[in-house]
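# Breakdown of the fold
Each chain is listed here by its residues.
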Amino acid sequence: MSKTILIFFATLFFAPHIYAEDGYRLWLRYNKIKNAQWQKSYQDHIKCWLVEGNSPTLEAASKELGMGLEGLLDNKIPKAKSSEQQGILIAGTPTGSPLIAKMRLEKKLEPLGNEGFTIFTDKTNTVIAANSDAGVLYGVFHFLRLLQTNQPIDNLNISSSPKLQRRILNHWDNLDRTVERGYAGFSIWNWHTLPDYLDPRYTDYARANASIGINGTVLTNVNANALVLRPDYLEKVKALADLLRPYNIKVYLTARFSAPIELGKLSTADPLDPTVQKWWKEKAEEIYRLVPDFGGFVVKANSEGQPGPQNYGRSHADGANLLADALAPHGGIVMWRAFVYSAEDTTDRHRQAYSEFVPMDGSFRSNVMIQVKNGPIDFQPREPAHPMFGAMPETPLMMEFQITQEYTGQGTHLVFLAPMWKEVLDFDMQTNGVGSTVANVLRSSKTKNKETLTGIAGVSNVGNDRNWTGYHFGQANWYAFGRLAWDSDFSSEKIADEWIRMTFSNDEKFVESVKKIMLNSHEACVNYMTPLGLHHIMATGHHYGPGPWVGDLSRPEWNPTYYHRADSLGIGFDRTSSGSNAVEQYAMPVREMFSSRKKCPEKYLLWFHHVGWNEKLASGKTLWVELCEHYYKGANDVAEMRRNWQSLKGMVDEERFSEVDMMLQIQEKEAKWWRDACLSYFQTFSNLPIPEGYEKPAHTLDFYKSLDYPYSPGIRPRW
Ligand code: GCW
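Okay, so let's go over this structure. Everything quoted here is computed from the prediction, not taken from an experiment.

### Comments concerning the sheet that holds strand β8 (residues 250-254)
Taken together, eight strands build a closed barrel; the order of strands is β6-β7-β8-β9-β10-β11-β12-β13 and the barrel is parallel. Here the average twist between neighbouring strands, direction ignored, is 25 degrees. Each of β6 (166-170), β12 (397-402) and β13 (455-459) touches helix α15 (residues 474-486); the most contacted strand, β6, lies at about 155 degrees to it.

Take a look at the structure:
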């Protein structure tokens, strides 16, 4: 053997970990626990382990537990021969595990429902128990998380269950593998090689989702292609459904409303036409023959060019009920999106979804959910909560968040979205007195028959990039979505803490510093993009970078100038009674707060008010000065994020360290670009100087206007 080869093998042997830290393993790395005390404590407590019972889900749980323990602990912990041992870590349900049955856990398990779990210490044993195999799987992941994040396990008494029933990823993935608003490569679904080739990545995707409690996935884009409903594609869907099932993940599809015409060769897709109804009924039967637990359909109808019931003079309720009737005999649901606005409607876009849907409250079948984006416009860096939350007591509403960062820096900006989502979930709509937070509205969503039907969806940021999300920190948003979908009472801080420890390191200094970076990142993004309630001033089409000057698009509400309304007097959209009066869609105390120039929180100021350039804000400074200060603060905060990251060199593998460092360099540059481009443009209206002491924009406004990104990723394929 040559010397080089010898050195190569020696290096491999002595390498601290054998995996390249390329991000593929996400937060499920299971590297050896470095801290000797924790090693000892865990080894003392777990003498052997067993997932008792038989099912594909328990098999998945057992595999995960075995793999996790083997990776994390120095010594190999044997699998127990019989469950009657001392120091056993036992997982199971009362029906599948004789040992757990003997413990008489009925009382403890009863409130945990179908998917919850308990983990507790019982003399020398550690027990993970649940009512269902899925609960056991979730409990196993939780137990591993305790080890991964170096938590004590000597006196456990944990009970946890999800606050929402349907916790779903929405893939905006096209059948040609492009991903609308995807910044992480192509779609992970390789439709060409399915159903025969099952990429191991599909299983790792399932593990990652199960580890955070996600229990559904919509495989296809809401800008839908009817082809996915063709028999050959349904075979592919079946293959994925079979693979995901053991991980308690149901498959859903997007239904193109005109599919009866495109696939069925009917002359109409009118929801009241009996041939159309028959077509959908038979299509549903065909799907359920292949996928008996198929979740149902998501539909984007009569929105941004998608076909829908209004093409036939029918309502959204007619359309949703058509599909609901086809799915109902099989237990499927329809998630009908409320993201509608129309060029013909001259009212403020903010008002349109509410005006369209709220009058239909109570007219949907009991297996229909209305899927509402967090805010009334479109996934902006900051939006007030959508006024529909709390306004439709007779209709189950589910939340739609955007995990993929279309409007928050796409694939290159570190923006941790948990604080943004929490801001909306914790917002009190006061539709039913104090305490009607958006989270409570979601949790108490009921059908007409008063059955609970609750859910939350997140537009996925996953692609086929090696590290799944393009940017390592994009993983944190996937993780955070799952954790908040499980329980939105978790704090952003807790979620960031867990994620950092599992993804990078348990080193306290590292954890604290990265947490600080993450927790400040959303506010920084708002400040350098759209401070004080500005919104939708991104460049057109791809939405990458600033474009507040765009005002020549055919549809008025596609123009950034429509949203900021800057003129010589001031800036902002007057949505009070002197303007579009969108505020009237909020319940009284909230309406009054948003309407009042003084009471309106400044973070939403220009969302609801047109404010004079020289008007004073709470600080006593003028709007123009505040606007400048926010933009500069945002850009400075990114520079600080980068300095903080750089101070961590050597505390994390070089590979990810330098990747993040390069990304932060891009973000720093782009934050300045946003700041300089927006202020240069708004200055043409305010005619006021950028305050003393601030570095002046590096280029002319014309330069910023001339920048062009024809190939920025994630563009809508048909636009
Ligand atoms: O945010 C906008 C995006 C579109 C998207 C649309 C929607 C899927 O720019 O790309 O289309 O929202 O949510 O339907």
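Okay, back to it.
### Here we look at the packing of helix α13 (residues 418-425) against α15
The N-to-C vectors of α13 and α15 enclose an angle of 25 degrees; their axes lie 10 Å apart at closest approach. Compared by their axis directions, α13 and α15 come out roughly parallel. The crossing of α13 and α15 is right-handed. Only N477, A480, F481 and L484 of α15 make contact with α13, whose side of the interface consists of A418, W421 and K422.

### Considerations on the packing of aromatic side chains
Aromatic rings in a pair are described by how distant their centres are and how their planes are angled relative to each other. On inspection of all chains with the given rule, the structure shows 46 aromatic pairs. The interplanar angle of 85 degrees and the centroid separation of 5.6 Å between the aromatic rings of F594 and Y604 together place this pair among those described as edge-to-face. Of the two residues, F594 sits in helix α19 (residues 588-595) while Y604 sits in the loop between α19 and α20 (605-608), which places them ten residues apart along the sequence. Here a set of aromatic residues connected by ring pairs shows up, and it is made of Y24, W27, W189, Y202, Y205, W468, W478 and Y479.

### As for the pairing of strand β2 (residues 88-92)
Among the five residues in β2, five count as buried, and that is most of the element. On β2, burial covers both faces: I88, I90 and G92 on one face and L89 and A91 on the other are all buried. In this structure, strand β1 (residues 48-51) lies alongside β2, joined through four bridges in parallel fashion. Each bridged residue has a counterpart across the sheet, and for L50 the counterpart in β2 is I90. Of the strand pairs in this sheet, β2 and strand β4 (residues 125-129) are connected by four bridges, and their pairing is parallel. Across the sheet, the residue bridging to L89 is T126, located in β4.

### Digging into the nonpolar core
Across soluble globular proteins, you tend to see nonpolar side chains buried next to one another. In this structure, F143, W280, F297, W336, W478, W645 and F682 are the most contacted members of the largest nonpolar core, which totals 223 residues. Sorting elements by how many residues they give to this core places helix α22 (residues 654-686) first, with twelve residues. Not counting residues within four places of it along the chain, the set of residues in contact with F297 comprises L229, L253, A255, W280, I287, L323, L327, I333, V334 and M335. In terms of nonpolar packing, the next biggest core, distinct from the first, is built from 14 residues, L99, I100, L112 and V127 among them.

### Quick word on α22
The first and last C-alpha atoms of α22 sit 47 Å apart over 33 residues, in line with the 48 Å expected at 1.5 Å per residue. Backbone geometry just downstream of α22 places N687 in the positive-phi region, at approximately 55 degrees.

### Considering the site of the ligand
E180, K300, R337, K373 and E406 are the nearest of the 16 residues found near the ligand. E180 places a side-chain nitrogen or oxygen 2.4 Å from an oxygen atom of the ligand. Contacts to the ligand include R337, whose side-chain N or O atom sits 2.6 Å from an oxygen atom. In the complex, the protein chains occlude 99% of the 340 Å² of accessible area that the ligand would expose alone.

### A few points about helix α11 (residues 316-327)
In a regular helix each residue adds 1.5 Å, so twelve residues correspond to 16 Å; α11 covers 17 Å between its end C-alpha atoms and thus fits that length. Taking burial as the measure, the twelve residues of α11 include ten buried ones, the bulk of the element. Taken as a whole, α11 has its buried residues at H316, A317, G319, A320, N321, L322, L323, A324, A326 and L327. Next to the buried residues of α11 lie α10 (274-290), β9 (296-299), β10 (333-337), α12 (349-357) and β11 (368-373). Of the residues that open α11, the one with a side-chain oxygen 3.2 Å from the backbone nitrogen of A317 is S315.

### Side note on the pattern of salt bridges
Taken as a whole and judged by the stated rule, the model has 54 salt bridges. The closest approach of N and O atoms between K40 and D44, which form a salt bridge, is 2.8 Å. Pair noted here: K40 and D44 are both in helix α2 (residues 36-45), with a separation of four residues, about one helical turn. Between K494 and E498 there is a salt bridge, with the nearest N and O atoms lying 3.1 Å from each other. Of this pair, K494 and E498 both sit in helix α16 (residues 492-503), four residues apart, roughly one helical turn. For K494, a relative accessible area of 32% gives the class partly exposed. Several salt bridges converge on common partners, so that one network encompasses E493, D497, R501, E508, E512 and K515.

### Some details on the pairing of β13
When you tally the buried positions in β13, you get five out of five residues, the bulk of the element. Because side chains alternate across β13, one face comprises the buried residues G455, A457 and V459, and the other comprises I456 and G458, equally buried.

### What about the environment of N221?
Mapped onto the secondary structure, N221 falls in the loop between β7 (216-218) and α8 (231-244). Owing to a relative accessible area of 2%, N221 belongs among the buried residues under this scheme. As a C-alpha pair, N221 and L175 span 46 residues in sequence and 8.6 Å in three-dimensional space. Beyond its immediate stretch of four places on either side in the chain, N221 contacts H171, W172, D173, N174, E180 and T254. There is a polar contact of 3.0 Å between the side chain of N221 and the backbone nitrogen of N223.

### With respect to the side chain of R555
Mapped onto the fold, R555 is located in the loop between α17 (508-529) and α18 (560-564). Residue contacts for R555: discarding those within four places in its chain leaves Y341, S342 and A343.

### Let's talk about the environment of Q665
Residue placement: Q665 occurs in helix α22. Along the backbone, Q665 and H413 are 252 residues apart, and their C-alpha atoms lie at a distance of 9.5 Å.

Reading guide: rules and limits
- Residues numbered from 1 in each chain as written.
- Predicted model: local features only at pLDDT ≥ 70, side-chain atom pairs only at ≥ 80, totals over all residues.
- Heavy atoms only, no water.
- Pairing = 2+ DSSP bridges.
- Helix = DSSP H or I, 4+ residues; strand = E, 2+ residues; numbered from the N terminus.
- Axes fitted to C-alpha atoms, helices over the stretch in contact; angles between N-to-C directions.
- Contact = heavy atoms within 4.5 Å.
- Parallel < 35°, antiparallel > 145°, perpendicular 65-115°, else oblique.
- Left-handed = near helix turned anticlockwise from the far one by under 90°.
- Phe/Tyr/Trp six-rings, centres within 6.5 Å; stacked < 30°, edge-to-face > 60°.
- Buried < 20%, exposed > 50% of the residue type's maximum accessible area, 1.4 Å probe, protein only.
- Core = buried A, V, L, I, M, F, W, Y, C linked by side-chain atoms within 4.5 Å.
- Expected span 1.5 Å × (residues − 1).
- Near = heavy atom within 4 Å.
- Polar contact = N/O pair within 3.5 Å; in protein donor to acceptor, adjacent residues only side chain to side chain.
- Areas by Shrake-Rupley, 256 points an atom, 1.4 Å probe, with all protein chains shown as cover.
- Salt bridge = Lys/Arg side-chain N within 4 Å of Asp/Glu carboxyl O.

Any link to function would need more than the numbers given here.
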